[in-house]
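Coordinate analysis (summary)
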Amino acid sequence: MKFLQKIILPLLIALVIFVIYNFYFAGKSDLGSFNDFDPNNNAVKDIRVKLLNERGVNMQGGEIVFYVVDRNGKVMMVSGALQLPKDFDKAETIILKGHLTQGGFHAHAVEVD
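Keep in mind the model is a prediction, meaning the values are calculated, not measured.

1. Some details on the pattern of salt bridges
For the coordinates displayed, the defined rule picks out 3 salt bridges. The salt bridge involving Arg71 is made with Asp36; its shortest N-O contact spans 3.9 Å. Remark: Asp36 occurs in the loop between helix H1 (2–25) and strand E1 (45–51) and Arg71 occurs in the loop between strand E3 (63–69) and strand E4 (75–80); sequence separation between them is 35 residues. Among the salt bridges present, the one from Lys90 reaches Asp87, with a minimum N-O distance of 3.9 Å.

Listed below in structure tokens is the structure:
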């Protein structure tokens, strides 16, 4: 019985550490969702998305335009007067900083993940 009491506390501590790690730290590499954004709110937020390299990068009206997809499979046009980071064309996932508009996602900054 004493042995059982001595092993319960370390097992509970290990379980708490495991749960905290899985829910807080391990979920950081997941793709985000555009459903979390409000198109009527101009607050700049971060989102991790997959870059659609096959659609290419274009210039329209002085802004860079490219396409991304979120975790729900929603394809979104991204535009903004910004500079693309080094190795952008080789990246699979990127982090966008910006806000959702009626016509797509307006990016203020782009980071390669």
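2. What to know about the nonpolar core
Most often, soluble globular proteins keep nonpolar side chains buried together rather than apart. Of all hydrophobic cores here, the largest spans 19 residues; its most connected members are Phe34, Phe66, Val68, Ile94, Leu96, Phe105 and Val110. At the level of secondary structure, the elements contributing two or more residues to this core comprise E1, E3, E4, strand E5 (93–101) and strand E6 (104–112). Filtering out sequence-adjacent residues up to four positions away, Ile94 remains in contact with Ile47, Arg48, Val49, Leu51, Phe66, Val68, Phe88, Val110, Glu111, Val112 and Asp113.

Rules used throughout
Residues numbered from 1 in each chain as written. Predicted model: local features only at pLDDT ≥ 70, side-chain atom pairs only at ≥ 80, totals over all residues. Heavy atoms only, no water. Salt bridge = Lys/Arg side-chain N within 4 Å of Asp/Glu carboxyl O. Helix = DSSP H or I, 4+ residues; strand = E, 2+ residues; numbered from the N terminus. Core = buried A, V, L, I, M, F, W, Y, C linked by side-chain atoms within 4.5 Å. Buried < 20%, exposed > 50% of the residue type's maximum accessible area, 1.4 Å probe, protein only. Contact = heavy atoms within 4.5 Å.

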